[in-house]
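Here is what each chain is made of, one letter per residue.
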Amino acid sequence: MKKIYNRILQISGNIIAVRASGIKYGELAIVKTSQGKTFAEVIRINASDEIFLQVFAGGSGISTGDEVYFLGRHMGIPFSENLLGRIFTATGEPRDGGPHLTEALTEISGPAVNPAKRIVPTNMIHTGIPMIDIFNSLVESQKISIFTTSGEPYNELVVRIALQAKVDAIVVGGMGIRYDDYLFIKDSIEKGGAFGRCVLFIHTASDPVVECLIAADISLAVAERFALEGKKVLVLLTDMTNFCDALKEIAVVMEQIPSNRGYPGDLYSQLAVRYEKAVSFEGAGSITILSVTTMPGNDVTHPVPDNTGYITEGQYYLNNGRIEPFGSLSRLKQLVNKDTRADHRPLMTSMIQLYAFYRETMEKRAMGFRMSQWDEKLLKYGNLFEAGIMDLSVNIALYEALDMGWRILAECFTPEETGLRSELIKTYWPDICKA
Amino acid sequence: MIKTAGIVSGINGSMITVEFSGSVRQNEVAYVLHEDMRLKAEVVRIKGRRADLQVFESTRGLKSGAEVEFSGGLLSVELGPGLLGQLFDGLQNPLDRLAARHGFFLKRGEYITPLQEDKTWSFVPTAKAGDRVSGGDTIGTVIEGRFIHKIVVPFYLTLLHDVIHVIEPGDYTIKEKVALLKDNSGQPIPVTMSFMWPVKRPVTLYEERLPPVEQLVTRIRIIDTLFPVSKGGTYCVPGPFGAGKTVLQQLTAKSAEVDIVIVAACGERAGEVVETIREFPMIIDPSTAEPLINRTIIVCNTSSMPVAARESSVYTAITMAEYYRHMGLHVLLLADSTSRWAQAMRERSGRLEEIPGEEAFPAYLQSVIADFYERSGLVRLKDGGKGSVTIGGAVSPAGGNFEEPVTQATLKTVGAFHALSRERSDARRYPAIDPLESWSKYKGAISPAQRSQLFKLLKRADEIGQMMKVVGEEGTSLDDFMLYLKAELFDEVYLQQNAYDEVDGATSIGRQAHVFSIIFDILNTHMEFKGKDEARRFFNEMRQHFLDYNTIPEGAVAFDEKEENIMTLLLEHVPVSDRSCVRTLSEALVESDLDSFFRRSKMAGGIDKKDLSIVIKDGKSDEKNI
Ligand SMILES: Nc1ncnc2c1ncn2[C@@H]1O[C@H](COP(=O)(O)OP(=O)(O)OP(=O)(O)O)[C@@H](O)[C@H]1O
Ligand SMILES: [Mg+2]
């Protein structure tokens, strides 16, 4: 028999407190308010049986006399293949008018993977985007974030990568996204013909803040189950900045001492618990996480991108509609780019270094300095590089992109100006236009 | 003795409040009984009948009212033969064996003893009945890999004991008694090959601590040449995310010339540890002809593992390091990242509602960090041998800003500072150690005079580079321009090193000395060029030769050929008259400094750019058409 508590001791922000005994830490409860039922989760138990709950639908409108009862279990999601092709809210309610799922619950926020059971990833995920494929290859089981600002086409980029990637399942966790963005993501996936291998958990900007946190955990729990069944899963999390802001809001209500610009001191650990779900299981499937982090004020030292950068395995800088070569980084690229083509790594390094020189030259030119012969070459190179490689509309396979790189170099420089080793020059330098 | 028991009355993340009766020790280990599990915890604060404990596991599902058993002991690790080559979590559980038992996921409340109890070791006694011994004294030896592993009297037996009996030579497990001692009161004390030692108590059973004067060769050129590390010393590697801390540590773990490397992966990515676990058994250490894993211990509490155990992981690691130092070995402890450890302290401190210091870190941050690094050191042991523990800690400053508390606290205690910079890593200048910001108090491979000259060159070149951004290349004298190109050459082909190239990835100290002498000669040679374009072409070509040279194994025919190419190219630009009287780098630097001083003073006098170019022309600019 379930016990009902109807004396709420405290309501502050999205947190309420009741007095109850025998309650489990992290247990789920239902709060019945005049607006309907909502989930709540135990986040603290004080001496004298004071139980603090975070109310998914928010504290607004809750009355001290509302009923609370505990479910004796943690948050979960019914899991089966039937999830594919469906759209849900952050808490697992159908958003697409389809049936409620009734399968056995999979608990969210499960334990960490034993590091001894992880394997070194070796599969490259080809995206057709040279700035990714050549310079910062995406790797199966990687966790990587797109660092960007509002207004940039980050959802377009995320969806494009998802459609191009050869994966068995795509899990979309939308957090605090605009309704339009939700529709865009849904429509693009449908048009791309991938809807049947996709499941969406969408929390929009108008949904209660607490549910934003659940969206990430539920997406990852589902992804984990698919991966254990042998599927290659790609998880898209957009926008993790909203997730962090939700954490901040709750921390403030709980009167935690903030560490940096109001964010709680455990922001790093909180992000890590989610991002570290990315894994390749020996003898089973894998989880790759591609997230979006919008940087307030385009400031990479802001606590959200900063802590994200410290936990993800790299980031793609999306700025002015292009993936910037500087600041962008795939830390796993060296695991895969050694097995593509002998020129891949050195070409990548050399082209980036030359592009850095080009940027310097641009600065010099802006200040009105005379351009040397060398500067002129760099200017030519920079323009060709931006048009042929950097532009996001370019959609070519890796080897084609590498050949394109050599052609651009040969059009602009003599071989020894590129800093590439002699034997590579011998093999790959195109004859067409000896400088 | 009756063990103290308690009841959980509050839960806040990994922190629980326990009402107890009886006596409880600060930092005592306790077990929380939850369902059929026993979750390990540590007492962190005691107030009246209430103790706050941090649980080393997830507290999910725990109820208030759960029982707690206090163990009476402090958080300890097991010391004995068989630690090498293992992968432990922060509490010294062997992760391989946990995986074999529980599969993909870590299971709460499951602990396995760190040392294999069924493995036998070939024991040779060295003590005999009648000897007087105390903690740390050797009673026998076993062979662990290529090391002679001393079996010692447990460190905690601090008083003198009589040896009653030592077992015959033979194969024994770590649980078998190998000796029997007797204390003052005549109480017999059996000794096995392993014993427990509390992780937060430094092992100090040596004769004396020595100054760290012997270089620890890392085979990373910029470190060994410019910012050396000593055996028994300490250093830190701070840098923003992605600047290359982990790669640098992995490289050091592979190439450093020490006996044992202990890697403490503290609150960072699991994937990085996996690379080490999978790679090290495959790499054969050329100096010992053994797989690298045989000299390595990995302690791993990665970021998604319980935060409380993260804090203890660095202590687990340092305690094992001290143990092997006691064998007379040189141990290098690499901790990545100490900031995550500090953050774990911050999380705990926040939950305890302590009064916070800067950025919410606890006020005692500085002293805890200092105490940790102070456990390093080169020591002379009681048997006359020497051993050392060197600590290298990565630091992950928030926002990449070195002013933050963890970096500052660390800087106060270490002997060398390898500052990684975002500019260098963005420009792919790896290892991204910034030569203008880093320092080392230790003695390295080159003379202090050479070292300081190189710093001057790099600093001056940086100024010239900055200046060039303002006045343009045409406003820079050819001599300054050449200094700039020389520094760039030194940076690109010597300070930078390709981590992923088999040859370039690790440079022996002998090869470093050799290549350095060639480069140093080039830096010291006066060359003549018709103009800047010619100079740039020359340095490009030179760089090309060196980049090839760096990837050729020493002793290969091509190695000598490349060296000849370099010398030939160099001589082409040394005027015949100058070949005998070489103008040294220091003179060039002095001149360039004087020039810049002169120009600055003129500029301060309010001369515009046009006049400035005349000044330069009067000096030694080659540009005809300014
Ligand atoms: N010496 C090097 N040679 C070549 N590439 C390097 C080198 N050092 C770092 N890199 C590149 O930079 C990436 C990031 O390096 P690393 O993981 O060591 O950064 P980090 O400083 O540890 O970052 P974090 O603080 O986020 O852990 C690597 O994956 C690699 O691509
Ligand atoms: Mg790192």
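Residues numbered from 1 in each chain as written. Chains lettered and ligands numbered in written order. Predicted model: local features only at pLDDT ≥ 70, side-chain atom pairs only at ≥ 80, totals over all residues. Heavy atoms only, no water.

Caption draft 1: Representation of the overall build of chain B in the model. Regarding its fold elements, chain B presents 16 helices and 30 strands. With the C-alpha coordinates aligned to their principal axes, the bounding extent of chain B is approximately 95 × 55 × 45 Å. Looking at the 626 residues of chain B, the share that counts as buried comes to 61%. For chain B, restricting intrachain contacts to residue pairs at least 6 apart in sequence, the fraction spanning at least 24 positions comes to 70%. When the accessible surface of chain B is split by element, carbon and sulfur atoms take 54% of a total near 24100 Å². (Helix = DSSP H or I, 4+ residues; strand = E, 2+ residues; numbered from the N terminus. Buried < 20%, exposed > 50% of the residue type's maximum accessible area, 1.4 Å probe, protein only. Contact = heavy atoms within 4.5 Å. Areas by Shrake-Rupley, 256 points an atom, 1.4 Å probe, with all protein chains shown as cover.)

Caption draft 2: Region of the structure containing the confidence of the model for chain B. All names here are of chain B. On average, chain B scores 90 in pLDDT, and the residues at 70 or more come to 92%. Note that pLDDT drops below 50 for residues 602–626; the model gives that stretch 30 contacts with residues more than four away or on any other chain. This complex was scored by the predictor with a pTM of 0.91 and an ipTM of 0.90. (pLDDT = per-residue confidence, 0-100.)

Caption draft 3: Highlighting helix 11 (residues 398–412) of chain A. Residue and element names in this part refer to chain A. Across its 15 residues, helix 11 extends 21 Å between first and last C-alpha, which sits within 8% of the 21 Å expected from 1.5 Å per residue. Considered for burial, the residues of helix 11 that qualify are Leu398, Ala401, Leu402, Gly405, Trp406, Ile408, Leu409, Ala410 and Cys412. Against the buried residues of helix 11 lie strand 11 (124–125), helix 1 (130–133), helix 9 (344–366), helix 10 (373–390) and helix 12 (422–428). (Expected span 1.5 Å × (residues − 1).)

Caption draft 4: Expanded view of the pairing of strand 28 (residues 386–395) of chain B. All names here are of chain B. Burial within strand 28 is extensive, with nine of its ten residues counted as buried. Examined bridge by bridge, strand 21 (residues 234–238) and strand 28 share five bridges and lie parallel to one another. Directly across from Tyr235, in strand 28, lies its bridge partner Gly392. Hairpin connection between strand 27 (residues 377–380) and strand 28: a loop of five residues separates the two successive antiparallel strands, and Gly384 in this loop has a positive phi of roughly 95°. (Pairing = 2+ DSSP bridges.)

Caption draft 5: Molecular detail of the sheet that holds strand 9 (residues 120–125) of chain B. Residue and element names in this part refer to chain B. Taken together, the four strands give an open sheet; going across it, the order is 12-11-9-14, and neighbouring strands pair in antiparallel fashion. Since the sheet does not close on itself, it has two edges, and those belong to strand 12 (147–152) and strand 14 (170–173), each with one partner. Averaged over all adjacent pairs, the angle separating strand axes in this sheet is 45°, with direction ignored. Bridge analysis of strand 11 (residues 138–144) against strand 12 gives six bridges, and the strand direction is antiparallel. Residue pairing for strand 12: Thr141 is matched across the bridge by Lys150. (Axes fitted to C-alpha atoms, helices over the stretch in contact; angles between N-to-C directions.)

Caption draft 6: Inspection of the interface of chain B and chain A at higher detail. On the side of chain A, 78 residues touch chain B, which itself brings 79 residues to the contact. Looking at the side of chain B facing chain A, the largest losses of area belong to Arg60, Phe104 and Phe241 of chain B, adding up to 13% of the total buried there. Applying the counting rule to chain B against chain A returns four salt bridges. The salt bridge involving Arg60 of chain B is made with Glu107 of chain A; its shortest N-O contact spans 3.0 Å. Run the count over chain B and chain A and you get 30 residue pairs in polar contact (both at pLDDT 80 or more). Within the residue set of the side of chain B that touches chain A, elements represented by two or more residues are strand 1 (5–12), helix 1 (95–102), helix 4 (270–279), helix 5 (307–325), helix 6 (338–351), helix 10 (448–471) and helix 13 (532–550) of chain B. Broken down by element, the side of chain B that touches chain A gets its largest block of residues, seven residues, from helix 13 of chain B. Classifying every residue of the side of chain B that touches chain A gives 27 nonpolar, 23 polar and 29 charged. (Buried area = accessible area lost by both parts, 1.4 Å probe. Salt bridge = Lys/Arg side-chain N within 4 Å of Asp/Glu carboxyl O. Polar contact = N/O pair within 3.5 Å; in protein donor to acceptor, adjacent residues only side chain to side chain. Nonpolar A, V, L, I, M, F, W, Y, C, P; charged D, E, K, R; others polar.)

Caption draft 7: Highlighting the site of ligand 1. In the vicinity of ligand 1 there are 19 residues, among which Gly242, Lys245, Thr246, Val247 and Arg269 of chain B approach most closely. Chain contributions to the surroundings of ligand 1 come from chains A and B. The separation between an oxygen atom of ligand 1 and a polar side-chain atom of Arg331 of chain A is 2.8 Å. Measuring from an oxygen atom of ligand 1, one finds a side-chain N or O atom of Lys245 of chain B at 2.6 Å. Calculation on ligand 1 without its partners gives an accessible area of 630 Å², and the protein chains cover 95% of this total. At the level of secondary structure, the elements contributing two or more residues to the shell around ligand 1 comprise helix 7 (303–311) and helix 8 (333–336) of chain A together with helix 3 (245–255) of chain B. Broken down by element, the residue count for the shell around ligand 1 peaks at three residues, all from helix 3 of chain B. Of the residues that constitute the shell around ligand 1, the class distribution is nine nonpolar, five polar and five charged. (Near = heavy atom within 4 Å.)

Caption draft 8: Spatial organisation of the environment of Leu570 of chain B. Residues and elements named next belong to chain B. Considering the arrangement of structural elements, one finds Leu570 in helix 14 (residues 557–572). Residue classification places Leu570 among the buried positions, given a relative accessible area of 6%. Each C-alpha atom of the pair Leu570 and Ala344 lies 55 Å from the other, and the pair is 226 residues apart in sequence. Leave out the neighbours within four places in its chain, and Leu570 touches Ile522, Thr525, Met527, Phe538 and Met542.

Caption draft 9: Up close: the domain arrangement of chain A. Residues and elements named next belong to chain A. Considered domain by domain, chain A is made up of domain 1 (4–74), domain 2 (78–335) and domain 3 (344–433). Summarising the inter-unit geometry, the C-alpha centres of domain 2 and domain 3 are found 34 Å apart. Residue-level contacts link 23 residues of domain 2 with 19 residues of domain 3. Buried surface at the junction of domain 2 and domain 3, both sides included, amounts to about 1900 Å², of which 69% is carbon and sulfur. With its nearest N and O atoms 3.7 Å apart, the salt bridge here joins Arg322 to Glu386. Our count for the contact surface shared by domain 2 and domain 3 stands at seven residue pairs in polar contact (both at pLDDT 80 or more). (Domains from an automatic or database assignment.)

Caption draft 10: Molecular detail of the sheet that holds strand 16 (residues 188–191) of chain B. Residues and elements named next belong to chain B. Sheet architecture is open: four strands sit in the order 10-13-15-16, paired in antiparallel fashion. This sheet does not close on itself; its edge strands, each paired only once, are strand 10 (132–133) and strand 16. Of the pairings in the sheet, the one linking strand 13 (residues 161–166) to strand 15 (residues 179–182) comprises four bridges and is antiparallel in character. Note on strand 15: the bridge partner recorded for Asp162 is Lys182.

Caption draft 11: Highlighting the nonpolar core. Residues and elements named next belong to chain B. Phe490, Ile522, Met542 and Phe546 are the most contacted members of the largest nonpolar core, which has 81 residues in total. Ranked by residue count, the leading element in this core is helix 11 (residues 478–495), at eleven residues. When residues are assigned to domains, this core turns out to be shared by domain 3 (208–440) and domain 4 (448–625), each giving three or more. Not counting the four nearest positions on each side in its chain, Phe490 is found in contact with Leu454, Leu458, Leu495, Phe516, Ile519 and Leu523. If you look at the next biggest cluster of nonpolar residues, it comprises 79 residues, including Val29, Phe123, Trp197 and Phe417. (Core = buried A, V, L, I, M, F, W, Y, C linked by side-chain atoms within 4.5 Å.)

Caption draft 12: Local environment of the environment of Arg340 of chain B. Mapped onto the elements of the fold, Arg340 of chain B is located in helix 6. Distance from Arg340 of chain B to Thr507 of chain B, taken between C-alpha atoms, is 31 Å for residues 167 residues apart in sequence. The contact partners of Arg340 of chain B, leaving out residues within four places of it in the chain, are Tyr268 and Tyr310 of chain A together with Cys266, Gly267, Glu268, Arg310 and Ser396 of chain B. Among the polar contacts made by the side chain of Arg340 of chain B, one reaches the side chain of Gln343 of chain B at a distance of 3.2 Å.

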